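Summary of the model geometry
Residue strings, one per chain:
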Amino acid sequence: MRLPRPIRRKSRREVVVDLLLWMLLCAFVAAMGPDPFLDPAAFGTVTGPRLALASAAVLVGRRQPLAALALLLPLGPWRFSEGFATVDLSWLLPRTGVKILPLVPTSPFIMGYAYLTGRREAGPWRPVAAFGLIAAVGVAVVLAAGGDLALWVSMVTGLAGTYLVPYLLGLVRRLVIRQRGQARLSAEAQARLRERARIARDMHDSLGHDLALIAVRAAGLELAPGLDPAQARAAGELREAAGDATERLRQIIGLLREDADAAPLAPVNEDVTELVRRARDSGMAIDLDVAEPAPALAGAVVQEGLTNAAKHAPGAAVRVSVGPGRVSVRNGPARGRPVARPGGMGLAGLAERARLAGGTLTAGAVDGGYELVVELP
């Protein structure tokens, strides 16, 4: 037979903990009533129903702590003879010994369920209604005892210390946990944005470089001697198609990078000599000067510089210099039409990488050509 949801337990540990809690609560409840050996009848009449309420409270308290609070209401701090402290209010009251925060053996259990109510009750209305009922019981107890001002002080402090303060502590704890969860979700979302930006920029760098080399090859083929007009026209169309593909790639990557422009990026790991070799095979005239050890960003800088030279200065001579603290790519004046429009995002991403590495990027026109320089510490 399937048990109702309120009394199901998720694990053996929960069963053991609740069993121990029940035994302890029953012992404290029994201590509040008549001695079973001296007056068994009174024990059965008074303590028996209290034990039934305590058992029901433990049974439902793990899932419904507010229901446990209601069940333990008759066992609340309604005895004002014992308290957490005794204060002298003779300046206000005729009596000098006024109990502050009255305590009974079941007070720790009630405080625990009040705390769990703050932790687990999402809406405010049920706790407000329950605390209204508890306050009404407290008022009735004070009025039945004569309505002395000292009794009002004891009752108010008892309700605040036994019910209200633990509930507020549980509520604050729940809000803190929720805030931490929201912060974790926000951090995960930011991590996804950073990863999206990294993938987008890597796609832009690698695919843009390859498309630029294709355009260079097409431009060289277009000007090659011995081609008939149809073949030269086809080569020109290929060059223009590569340029258009580069522009569409820039636009698509821009959408992928949206809201994640400041994301840190991993360096391009392709070897500088391999980059230069592939560019030379595409028809670019490149002079390479490498001094070890090369910085981690050398591949990214060289790739960006060669890509820009291939797109914006086709046919120009290029010089690549790589040193421990400086990487530069410089090209001369263009000898053909550019194969792409200016305004890509490669330099912006490279500048961010250099900044994160503690370096600086400078780029601009030099002697009719263009030079890209990254200096690193």
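Numbers given for residues are sequential positions, taken from 1 along each chain in its written order. In keeping with the model being predicted, local features are shown solely for residues with a pLDDT of at least 70 and side-chain atom pairs are shown and tallied solely at 80 or more, while totals for entire chains, interfaces and linings include all residues. Side-chain measures here rest on the full set of heavy atoms in the structure, leaving out hydrogens and waters.

1. Remarks on the overall build of the protein
Runs of E in the DSSP output that reach at least two residues are strands. Runs of H or I that reach at least four are helices, and both are numbered from the N terminus. For the protein, the count of helices and strands is 10 helices and 7 strands. Each residue is placed in one exposure class: buried if its accessible area under a 1.4 Å probe, protein chains only, is under 20% of its type's maximum, exposed if it is over 50%, and partly exposed if it falls in between. Taking all 377 residues of the protein together, the buried fraction comes to 37%. What makes two residues a contact is simply this: any of their non-hydrogen atoms within 4.5 Å. Considering only contacts within the protein whose residues lie at least 6 apart along the sequence, 69% involve residues at least 24 apart. As presented, the protein carries roughly 20,400 Å² of accessible surface, and 62% of it is formed by carbon and sulfur atoms. To measure how exposed things are, a 1.4 Å probe is used in the Shrake-Rupley method; for residues, cover is taken only from the protein chains shown.

2. Things to note about the packing of aromatic side chains
For this analysis, a ring pair means two rings from Phe, Tyr or Trp (six-membered ring only for Trp) whose centres lie within 6.5 Å, classed as stacked if their planes differ by under 30 degrees, edge-to-face if by over 60, and tilted for the remaining angles. Scanning the entire structure with this criterion turns up 2 aromatic pairs. Ring geometry for Phe28 and Phe109: centres 5.5 Å apart, planes at 70°, overall edge-to-face. In this pair, Phe28 sits in helix 1 (residues 12-32) while Phe109 sits in helix 4 (residues 107-120), placing the two residues 81 residues apart along the sequence. Overall, the relative accessible area of 32% leaves Phe28 in the partly exposed class. The exposure class of Phe109 is buried, given its relative accessible area of 10%. Ring geometry for Phe131 and Tyr167: centres 5.1 Å apart, planes at 80°, overall edge-to-face. Here the residue Phe131 occupies a position in helix 5 (residues 125-144), and Tyr167 occupies one in helix 6 (residues 149-222), the gap between them amounting to 36 residues.

3. With respect to a nonpolar patch on the surface
Two joining distances apply to patches: 9 Å for like charges and 5 Å for nonpolar side chains (Val, Leu, Ile, Met, Phe, Trp, Tyr), and every residue must have over 30% relative accessible area and no salt bridge. Salt bridge, as used here: a side-chain nitrogen of Lys or Arg that lies within 4 Å of a carboxyl oxygen of Asp or Glu. Where nonpolar side chains cluster on the molecular surface, the patch consists of Val16, Leu19, Leu20, Trp22 and Met23 and spans about 480 Å² of accessible area. Topologically, Leu19 is positioned in helix 1. Taking the relative accessible area as the measure of exposure, Leu19 reaches 45% and is therefore partly exposed.

4. Some thoughts on helix 4
Here the expected length of a helix is defined as 1.5 Å per residue gap, with one fewer gap than residues. With 14 residues, helix 4 should cover 20 Å at 1.5 Å per step; its first-to-last C-alpha distance of 20 Å lies within 8% of that length. All buried positions along helix 4 are accounted for by Ser107, Phe109, Ile110, Tyr113, Ala114, Thr117 and Gly118.

5. Things to note about the packing of helix 1 against helix 2 (residues 40-61)
Between the N-to-C directions of two axes lies an angle of 0 to 180 degrees, each axis being a line fitted to C-alpha atoms and, for a helix, fitted only over the stretch in contact. Between helix 1 and helix 2, the least distance of the axes is 9 Å, while the angle of their chain directions is 155°. What the angle tells us is that helix 1 and helix 2 run roughly antiparallel. Our pair here, helix 1 against helix 2, has a crossing hand that is right-handed. Two secondary-structure elements touch here, helix 1 through Asp18, Leu21, Trp22, Leu25, Cys26, Val29, Ala30 and Met32 and helix 2 through Phe43, Thr47, Arg50, Leu51, Ala54, Ser55 and Val58. Residues are sorted three ways: Asp, Glu, Lys and Arg are charged, Ala, Val, Leu, Ile, Met, Phe, Trp, Tyr, Cys and Pro are nonpolar, and all the rest, Gly among them, are polar. In the contact of helix 1 with helix 2, the residues fall into 11 nonpolar, 2 polar and 2 charged. In this scheme, roughly parallel covers angles under 35 degrees and roughly antiparallel covers those over 145, while 65 to 115 is roughly perpendicular and the rest are oblique. Left-handed describes a crossing whose near helix is turned anticlockwise from the far helix through less than a right angle; right-handed describes the clockwise counterpart.

6. Looking at the confidence of the model for the protein
Every residue carries a pLDDT, the predictor's confidence in it, which falls somewhere between 0 and 100. Chain-level pLDDT for the protein is 79 on average; 74% of the residues reach the 70-or-more range. The least confident element of the protein, judged by mean pLDDT, is helix 7 (residues 229-256) at 64; the most confident is helix 4 at 93.

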